[in-house]
Amino acid sequence: MYSISKIFHIILFYPKKIWLTLRFLGRVRFGLREHISLGTKISIREKQGGISIKRGARIEANTFICSAGGSIEMGNDVFINRNCMIVSMNRIIIGDEVTIGPGVYIYDHDHDMSSRGHFITEEINIGNGAWIGAGVIILKGVTIGERSVIAAGSVVSKDVPAESIVYQKRETLYKSISRK
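Everything quoted here is computed from the prediction, not taken from an experiment.

Peer 1: Explain the sheet that holds strand β6 (residues 64-67) to me, please; I cannot follow it from the model alone.
Peer 2: Two modes of strand pairing occur in sheets, parallel and antiparallel, and in both the strands are linked by backbone hydrogen bonds. Reading across from one edge, β3-β6-β9-β12-β17-β20 is the order of the 6 strands in this open sheet, with parallel pairing throughout. Only two strands of the sheet have a single partner each, and these edge strands are β3 (41-44) and β20 (155-156). Direction of pairing for β3 relative to β6: parallel, over a ladder of 4 bridges. Bridged to lysine 41 within β6 is phenylalanine 64.

Peer 1: How do you make sense of the pattern of salt bridges when you look at a structure like this?
Peer 2: Where charged atoms from two side chains of opposite charge come close, those side chains can pair. Across all of its chains, the model carries 8 salt bridges by this definition. Arginine 58 is the salt-bridge partner of glutamate 60, the closest N and O atoms lying 2.8 Å from each other. For arginine 58, a relative accessible area of 37% puts it in the partly exposed group. Across the pair arginine 147 and glutamate 163 runs a salt bridge whose closest N-O atoms are separated by 2.6 Å. Note that arginine 147 is positioned in the loop between β18 (143-144) and β19 (149-150) and glutamate 163 in the loop between β20 and β21 (165-166), a separation of 16 residues in sequence. Given a relative accessible area of 45%, arginine 147 falls into the partly exposed group. The network of salt bridges with shared partners includes Glu73, Arg91 and Glu123.

Peer 1: Would you take a moment to explain the confidence of the model for the protein chain for this structure?
Peer 2: For the protein chain, per-residue confidence averages 81 on the pLDDT scale, and residues scoring 70 or more make up 75% of the total. Note on residues 175-180: pLDDT under 50 across the span, and 0 contacts to partners over four residues away in sequence or across chains.

Peer 1: Would you mind going over the nonpolar core with me for this structure?
Peer 2: Looking at soluble globular proteins, one finds that nonpolar side chains tend to be buried together. The biggest cluster of nonpolar side chains holds 31 residues, and the ones touching the most others in it are Ile126, Ile132, Ile138 and Ile144. Those elements giving two or more residues to this core turn out to be β3, β4 (50-53), β7 (71-74), β10 (91-94) and β15 (124-126). With residues up to four places along the chain from it excluded, the contact list for isoleucine 138 reads Tyr105, Ile106, Tyr107, Ile124, Ile126, Ile132, Ile144 and Val156.

Peer 1: Just checking my understanding: could you explain the sheet that holds β21 for this structure?
Peer 2: Across the sheet, 7 strands lie side by side as β2-β5-β8-β11-β16-β19-β21; this open sheet has parallel pairing. The sheet is open, and its two edges are formed by β2 (35-36) and β21, each paired on a single side. The sheet contact formed by β19 and β21 spans 2 bridges and is parallel. Along β21, the bridge assignment pairs isoleucine 150 with valine 166.

Peer 1: Whenever I open this one, the packing of aromatic side chains confuses me. Can you help?
Peer 2: Note on aromatic pairs: each is described by the distance of the centres and the angle between the planes. In the structure shown here, the tally under the stated rule is 1 aromatic pair. Ring geometry for tyrosine 105 versus tyrosine 107: centroids 6.3 Å apart, planes at 5°, classification stacked. On the basis of relative accessibility, which here comes to 33%, the residue tyrosine 105 falls in the partly exposed class. What makes tyrosine 107 partly exposed here is its relative accessible area of 23%.

Calculation notes
- Residues numbered from 1 in each chain as written.
- Predicted model: local features only at pLDDT ≥ 70, side-chain atom pairs only at ≥ 80, totals over all residues.
- Heavy atoms only, no water.
- Pairing = 2+ DSSP bridges.
- Helix = DSSP H or I, 4+ residues; strand = E, 2+ residues; numbered from the N terminus.
- Salt bridge = Lys/Arg side-chain N within 4 Å of Asp/Glu carboxyl O.
- Buried < 20%, exposed > 50% of the residue type's maximum accessible area, 1.4 Å probe, protein only.
- pLDDT = per-residue confidence, 0-100.
- Contact = heavy atoms within 4.5 Å.
- Core = buried A, V, L, I, M, F, W, Y, C linked by side-chain atoms within 4.5 Å.
- Phe/Tyr/Trp six-rings, centres within 6.5 Å; stacked < 30°, edge-to-face > 60°.

And the structure:
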């Protein structure tokens, strides 16, 4: 027997799931028992690339997932909280049972400052069971090891070994200028 909220979700989400599958001609693949909130936006901007969301994924509202020529692969039982942004021009792999807190940004590319309009891309790999805290930014070329924890507000620009706890010590970002 389904609860009222489950029936409501089925009525509202499944037409969106069918529409996404038809619109992107199979380049968006869904598993079973996923829950994708209505405010979530899924986009594929280029002909190559795609998005794969496996069994048991839960993606909360106002999350933006975009394949801008790259691929995004999510493992089983991934949880992505509200207001996240995942954009791929290369490849982003999110392992099984990864938990991603609210307001996380994951980009596998940077602007090439020497050449206007070009990007530098490198694959991102987030290992199974990793926990990504609120407001974390994950940059291109990073591998986060299995069962690692990234503390809230951190910027990850280097590889993180498996079963590590990573946090960013807060330093003074601005120096005051004395007026004489």
